[in-house]
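Take a look at the letters that make up each chain.
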Amino acid sequence: MSQQDPILYTERLTKRFGNIHAVEDVDFEVREGEVMALVGDNGAGKSTLIKMLCGVHEPTSGRIFVQNEEVSFDDYNDARAHGIETVYQELALAPNQTVAANVFLGHEPTRMGRLGRWLNLVDEERMVEEAKTNLDRVKIPVDPEAKVENTSGGQQQAVAIARALQSDPDILIMDEPTSALSIEGARNVLRVIDDLRDQGLTIVLISHNIRHVLGIADRVSVLAQGRMMGVREADEVTRNEIIALMMGAEDESEFEEFDLSRTADEEGTTA
Amino acid sequence: MSQQDPILYTERLTKRFGNIHAVEDVDFEVREGEVMALVGDNGAGKSTLIKMLCGVHEPTSGRIFVQNEEVSFDDYNDARAHGIETVYQELALAPNQTVAANVFLGHEPTRMGRLGRWLNLVDEERMVEEAKTNLDRVKIPVDPEAKVENTSGGQQQAVAIARALQSDPDILIMDEPTSALSIEGARNVLRVIDDLRDQGLTIVLISHNIRHVLGIADRVSVLAQGRMMGVREADEVTRNEIIALMMGAEDESEFEEFDLSRTADEEGTTA
Amino acid sequence: MSRAGDSLLQRLISRREVGVFFGFLVLFGLIGVTRPDIFLNWGSMSGITSRLFRSVAPYIIIGIGMSYLIIGGEFDLSVGSMYAVGGITFAMLMNDFNLTVLAALAAVLVVGGVVGLTNGVIVTKAGVPSLITTIGMMSVLRGIAYYFTPAGSRQTPDLALIDVFGGSITVAGLEIQNQIFWAIGLTVVFGFLLQKTRFGYHVYATGDDQEAAEMAGIDTDRVKIVNFVLTAVLASFAGVVAISYFGSMFGSAGIGFELLVIAAVVIGGTNLFGGEGTLLGMFLGSLVIGVIPVLLVLNGMPVELQEFLTGVVIIVAVLLDILIRR
Amino acid sequence: MSRAGDSLLQRLISRREVGVFFGFLVLFGLIGVTRPDIFLNWGSMSGITSRLFRSVAPYIIIGIGMSYLIIGGEFDLSVGSMYAVGGITFAMLMNDFNLTVLAALAAVLVVGGVVGLTNGVIVTKAGVPSLITTIGMMSVLRGIAYYFTPAGSRQTPDLALIDVFGGSITVAGLEIQNQIFWAIGLTVVFGFLLQKTRFGYHVYATGDDQEAAEMAGIDTDRVKIVNFVLTAVLASFAGVVAISYFGSMFGSAGIGFELLVIAAVVIGGTNLFGGEGTLLGMFLGSLVIGVIPVLLVLNGMPVELQEFLTGVVIIVAVLLDILIRR
Amino acid sequence: TQGDDSTDTQGGGDGSGTGTAGDGGDGGGSGGAPNYQLVQLNPPPTTLDFSSEPEARQITMVTHDASTSFFDPTIGGLHDAASQMGWEATFTGPSSGFSVQEQVNILNSVVDSGPDAIATTIADPAAYDDVINRALENDIPVVTYNTLALDREQMRNKYGRALAYTGQDQVAAGYVCGLSMLEKLPDDASRVTPGLSDPGHSALSARAEGMEMAVRQNSDVEVTDRLNYTGDSNEGVSRIENHLTANPDLDGIMGADAFTWFIGNAIENQGVADSVVGGGFDLTGETLEHINNGNLKYTTGQDPYSQGYFPTMQMFAYMDRGMPPKDYPTGAEVIDESNIEFAQERSGGWGQLREYHGA
Ligand SMILES: Nc1ncnc2c1ncn2[C@@H]1O[C@H](COP(=O)(O)OP(=O)(O)OP(=O)(O)O)[C@@H](O)[C@H]1O
Ligand SMILES: Nc1ncnc2c1ncn2[C@@H]1O[C@H](COP(=O)(O)OP(=O)(O)OP(=O)(O)O)[C@@H](O)[C@H]1O
Ligand SMILES: [Mg+2]
Ligand SMILES: [Mg+2]
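Position numbers for residues start from 1 in each chain and track the written sequence from start to end. Starting at A for chains and at 1 for ligands, labels are handed out in the order in which the entities are written. Given that the model is predicted, a residue must reach a pLDDT of at least 70 before its local features are reported, and side-chain atom pairs must reach 80 or more before they are shown or counted; all residues, however, enter totals for whole chains, interfaces and linings. Note: side-chain values were computed over all heavy atoms of the structure, leaving out hydrogens and water.

Residues and elements named next belong to chain E. Strands are labelled as partners when DSSP assigns at least two bridges between them. Each helix is a run of H or I in the DSSP string that is no shorter than four residues. Each strand is a run of E no shorter than two, and both are numbered from the N terminus. The six strands lie next to each other as 2-1-3-4-5-12, forming an open sheet whose pairing is parallel. Unpaired on one side and paired on the other, strand 2 (88-92) and strand 12 (328-329) mark the two borders of the sheet. The sheet contact formed by strand 5 (residues 165-167) and strand 12 spans two bridges and is parallel. For T166, the partnering residue across the bridge sits in strand 12 and is Y328.

This part covers the coordination of the magnesium ion (ligand 4). Residues and elements named next belong to chain B. The donor definition counts N, O and S atoms within 2.8 Å of each metal and applies 3.2 Å to Na, K and Ca; water is not among these atoms, so some sites may look incomplete. Each protein donor to the magnesium ion (ligand 4) is listed here as S47 (OG) and Q89 (OE1); together their distances run 1.9 to 2.1 Å. Here S47 is found in helix 1 (residues 46-53), whereas its partner Q89 is found in the loop between strand 7 (84-87) and helix 3 (99-103), with 42 residues between them in sequence. Just as S47 is buried, Q89 falls in that class too. For each residue, the accessible area found with a 1.4 Å probe, counting protein chains only, is set against the maximum for its type, and the residue is called buried under 20%, exposed over 50%, and partly exposed in between.

Time to look at the site of ligand 1. With respect to spatial proximity, 21 residues lie near ligand 1, and among them K46, S47 and T48 of chain A together with S152 and G154 of chain B are the closest. Near residues are defined by distance, with any heavy atom within 4 Å of the molecule or strand qualifying the residue. At the site occupied by ligand 1, nearby residues are drawn from chains A, B and D. Whenever two N or O atoms come within 3.5 Å, that pair is a polar contact, provided that in protein one can donate a hydrogen and the other can accept it, and provided that, for residues adjacent in sequence, both atoms are side-chain atoms. Contact distances for ligand 1 include 3.2 Å between an oxygen atom and a backbone N or O atom of A44 of chain A. Residue Q155 of chain B places a side-chain N or O atom 2.9 Å away from an oxygen atom belonging to ligand 1. Only strand 2 (20-26) and helix 1 (46-53) of chain A together with helix 6 (153-166) of chain B provide two or more residues apiece to the shell around ligand 1.

Let's shift gears to the packing of aromatic side chains. What characterises a pair of aromatic rings is the spacing of the ring centres plus the angle enclosed by the ring planes. Here is the rule: rings of Phe, Tyr and Trp (six-membered ring for Trp) pair when centre to centre is within 6.5 Å. Planes less than 30 degrees apart are stacked, more than 60 are edge-to-face, and the remainder are tilted. Counted by the stated rule, this structure contains 43 aromatic pairs over all chains. Relative to F28 of chain C, the ring of F24 of chain C has its centre 5.6 Å away and its plane inclined at 40°; by these criteria the two rings are tilted. Taken as a pair, F24 of chain C and F28 of chain C lie in helix 2 (residues 16-34) at a separation of four residues, close to a single helical turn. Here F24 of chain C matches F28 of chain C in class, with each residue buried. Where W182 of chain C meets F237 of chain C, the ring centres are 5.0 Å apart and the plane angle is 65°; that geometry is what we call edge-to-face. Placement of W182 of chain C in helix 9 (residues 178-196) and of F237 of chain C in helix 12 (residues 220-246) is noted, with a sequence separation of 55 residues between them. What makes F237 of chain C buried here is its relative accessible area of 7%. Three or more aromatic residues joined by ring pairs form one cluster here, namely F250 of chain D together with Y229, F259, W261 and F262 of chain E. Both a distance and an angle decide whether a charge sits over a ring: NZ of Lys or CZ of Arg must be within 6 Å of the ring centre and within 35 degrees of the ring normal. Of note, R207 of chain E hangs over the ring of F281 of chain E, and the distance from its end group to the ring centre comes to 4.3 Å.

Residue and element names in this part refer to chain A. The predicted model of chain A averages 87 in pLDDT, with 90% of residues at 70 or higher. Mean pLDDT in chain A bottoms out at helix 4 (residues 114-119), which sits at 86, and peaks at strand 9 (residues 202-206), which reaches 97. pLDDT measures the predictor's confidence residue by residue and takes values from 0 up to 100. Any two residues whose heavy atoms approach within 4.5 Å at even a single point are treated as in contact. A low-confidence stretch, residues 250-271 (pLDDT under 50), is modelled with 51 contacts involving residues beyond four sequence positions or located in other chains.

On to the UniProt feature "transmembrane region" (unreviewed entry) in chain C, then. Residue and element names in this part refer to chain C. UniProt positions are given in the numbering used here, feature names are shortened, and annotations may be inferred rather than shown by experiment. Residues annotated by UniProt as "transmembrane region" (unreviewed entry) correspond here to residues 20-40, 52-71, 101-122, 128-148, 225-247, 253-273, 280-299 and 305-324. For residues 225-247, the helix share is 96%, the strand share is 0%, and the end-to-end C-alpha distance is 32 Å. Helix makes up 95% of residues 280-299 and strand 0%. Its end C-alpha atoms lie 29 Å apart.

Taken together, the contact between chain D and chain B spans 23 residues of the former and 28 residues of the latter. Note on definitions: buried area is the accessible-area loss of two parts on being combined, 1.4 Å probe, summed for both. Surface buried jointly by chain D and chain B totals about 2,100 Å² across both partners, of which 57% is contributed by carbon and sulfur atoms. Taken as a group, R198, Y201 and M215 of chain D account for 33% of the area that chain D buries against chain B, more than any other trio of residues on that side. Each reported salt bridge corresponds to a side-chain nitrogen of Lys or Arg within 4 Å of a carboxyl oxygen of Asp or Glu. The interface formed by chain D and chain B holds three salt bridges in total. When the shortest N-O distance is used, the salt bridge between E276 of chain D and K147 of chain B registers 3.3 Å. Where chain D packs against chain B, one counts 14 residue pairs in polar contact (both at pLDDT 80 or more).

In structure tokens:
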């Protein structure tokens, strides 16, 4: 399913905030058409890494290549021009604007007609309608004309996802897109990711849900303390191997000690 | 493990925002010393319900009882005075203040000595130290002197949890406290909840992770579209029964159609 | 979640603009209560109303730009000085450099554009807070205004075309200043652009959450710079309109306008911290600001009381609005 | 995440206060470059320095309250009028009502407290934006100041105790005004309280994210009301100090102070939208504001240029600071 | 209804400055025709009634700047006259400082409110045209005081009549102030500084111009650049002190406005009363006190009281007795140690007077 050409890769990418080494010498590679999962403990540097890939953070050092061409993104629009779209962990929504306006934030559809195009008149009906269509893909009920501030946590996440879907990118980066979603909602998003891959999109997925990750990803990259710990084929690795990598440990068994009394701990099985 | 006296219950509690019926006629009951899970689809009204229980929202109608006494909370401090502490879904952190200051936000420890007490001088060393202790309980590495704005999504969630732990409440309400946490982090939080129950605390836990819920809760309340759909003993109910309640449906089978190709879908098994 | 349709009335009442309009009506009605002799006389009343609109026209014209700026998360304290420089250079270019009315106007607007660009670049690219930048620019422009008025003031020459800005038309015996049409026309056009264009959407988003807007691909620096330019251009245009009407302008003209205009914008419901607001609100807010001195002078208030009551009325007008919408 | 220790130098340079201090030193140093004759003369220079501190003392005293307010997410435009009312009532109470110095001072501070309380309650409980509330209060108080000065101004009587505020001490031949000690003393005390007390922590949190602060149990209304009271009390105290020094105060005293003080606070690095800032920054920002006219007067700048250069210098001083810290 | 009153001599100035009132005071014509003021008889908009108690009327006085204390005696004069005649009086203007545009707005509302008579300053040659004509069309007679930016000929063109003016030519008043400075300066004096509180206020600029003119025309003393000491004591006194420090050879400094007392404070603080001659304008209590203490040597008054009293009286004479108002020069009086005692006694009363009238 995954091709061998890297569509995106980094060389010794590093980001420091003052003396905090958030990402250190990371070589990260994504192949065309694959779902690449990026996992790691809290504070491992996942968000920082992908924010460099979409122009939000400027790298302290290192290089980024997209389609074998070195790039340097000044801002998010540069990245977008290279076909990269992102769902941020912090969602990045404008709270006092409507859901529909947020789905199209920065890329509002304009009206036909000379005047419409000349003035960049926003086609509100189309916007509301298309926002509905996009939100329907993740099947989370939310009023497109409600203020985002007045929607629930999961609804907000759905808006952020709908925004990314609306733009038809080559590479879609999703930073914990299902964390606030219900089971159904998360399932729908995974299904959408699956569909997008079928359509040839490349996807980078950050998630703490290893089960989701192993269920959907082609490969898994593991970060720990800002460093790349390794890359694994999803169908050749176990959940515990991944966790071991995440913790920077060699011995898997040490992560098994906790078991809640009355039910099988979900973290302990499957893969 | 759970006693029979309700420590907290509501009668026909309702909250409308304009014409949106977020919570409608809800009778919700929590018994002393139990872990009560509250589940429901996105936008079901979970956050709105608990925000009425902790004084953030004023109910449109209905009554709230704590320890068999009717209460009406003007603000969060009223709820706190009744022993209720909350971890909000939106975390409610002051982004430009330090992690330590946020752990003690609104309840900073003061210095000993007459002047210290008279002026309410903040004991910064103690604050940083105790913040560390509390953060250590959830074992997520975060610098207590960093600005919250500069910490990762999971680190911020850890700060919010540490804040709730710091105050030693009777009833602890946690709105999706593990959504941004790594596996280890989430496991630590569940372990802490277990410990707190052992110490006699009452806990209300909102989560989309039914496996977590069934693993830790004594009982499960299910909301759908603002209405209470039912309450179940955690060890007498299956995952699919709960999901069926959440969807307002009778037939469980309809929620089983999605299965990702290469791995067993985690959502399909266990309980 | 389930949702019933909002009634039209409910939606209407919850809008800030309606509250402000009501506040304005109350103040206006007070003229009737205190001076029924004037109020019930069509001739005086229509004149008073027309003059009220005239007197707030400069605030409205500047308020358009200021609304864009504030909604977009910044503001500009240099508008009063820009207004003076605009009017004074307009007269100077025609008198001393023999420019035609249109050429002088164009030059003035270009000057405004350059000033706005400077403000915008200093704020967005260098990161100097807009308060400091525009307080600084306020001083700089005031110095220029003084420098260009060694005799205290400048007068416009006698050119017919100036009446396009400063003249009036008489409808059914009522003299209506052209300024009023400019103020209304510009409000309608820019109100439409703010509500309906992509740029307008980006203004709201930028003021709402700048980081989110940037992360969504909006060039917030550009948005802010355009807003600064728009504000300075409109402020200089307001100066042109004013000197065309008064025939003369002092170097000290427009001192204190910045606060009046910002107050009008905020009274109209715009959030001072950005992300929310409409031009209609600003328009009504300007009328509230303008009707207060009319009410007080018509009732012959002495200066101290005038100052005192102005303050009371401002607060009460907004309070009323808030209480009504509760 | 891994973290190495920040070097002390790095931490220091990244602080806004250091940049502002540097900006001040540059401006001060410019005196030396342009007028070495004065700069190198101990007698003149110490006098100029002492006067500089004296002239900014009222800004600093008011700026303390304003910093609390702004850090807590609000601001107050009525401080200039409060300053006038404070000074004028102080004199009036002693002259016309024969109050002692201390009784008059107490009464003035109570008046300030009541005004601040009113501002605070209108803003927090009625929800009128602080811009509108305090613009209104600015007018109300100005009206009162005019009303209490029918002869234009008020003079203090000849009472020894007044020298506690308006007098001076002479150290090594240099006369230092008591105002300077008040300004420094109050800055130190309130700076300590802001940094070290629970209330101070709550001020920062309230301005940082009011909703979060409320949801964490902070009574943000109370925090803001206290800040409004503090600001008004300090503004009226600044008025007392000023009239004690000058011996006289006009009804128009303090016009324009609000912008000067807010500018000093913001130059000092306080975020106008709240959540960040220090009193040390405000103190240094006031010195920057105060040293500009000194520099210009010592160099005998013509009147128009003064206004112009003031603007340029304000912007450049802050720009410098920002560029240094990059 | 209004006729024209032919030509007069001594029309002041070129109309571009302010305060160039119609007739000069005692400047005197240089040969040729003597000063005269030809008065055209414009009948008042009232019916004369000599046989009964005169009607109670309402006069509104409007200024270009109601924030300054200068007009406090004017308000006293206005009310003195009004109460003597049983009239009602209002004094109004822009309370936030000098603003012609705001004054015109206020004047418009004043006309709408329909008083019997208006007295106003005219601080600008163009901006008042519409509103003054509207007042006249509505049969509200208008007189001017304190500041008049038009000469009689210009007024005839604009209003169809020359409005009477009670006040002083600002440039001429400044000239007197400059002459007084020269008189107080020692013989070896070489430099003086004119100061003012607001460079945007044209009347103040005009006074400063007069001061400079007097010094330049009548001596070799150098005039430095003007010093802007602002209207704020806090800033202003320091500026003046710094100016003194920067110019140790300065012999005199004179203010153009009511804030002249800042100069006194600065001289007192620096202890230079013996070497620097301080003087200036207006009769505030502070300035007089400084003259009393020797910190200032003189000040220039232009009789603000009469600027309120006589326009009102003239309106009575006009509306009830048919006598058109005439120009009334309030002159420039110099207060120094020789007459300070009386000046203080007189000025001490303005506040009481206003309180007495409840104004
Ligand atoms: N702007 C910033 N300034 C300073 N430190 C930062 C900043 N952003 C992130 N960090 C630090 O860098 C490290 C990596 O953060 P990052 O957000 O990339 O983690 P993450 O892997 O996304 O974690 P999570 O799973 O919790 O979202 C953390 O220790 C964080 O505190
Ligand atoms: N302040 C508000 N104004 C208007 N509508 C609101 C407001 N807050 C919540 N709602 C609406 O009420 C409904 C319930 O929201 P709530 O946040 O309680 O859902 P939730 O169950 O917590 O969902 P999630 O799992 O996504 O967090 C949603 O439809 C939401 O849009
Ligand atoms: Mg992250
Ligand atoms: Mg929720």
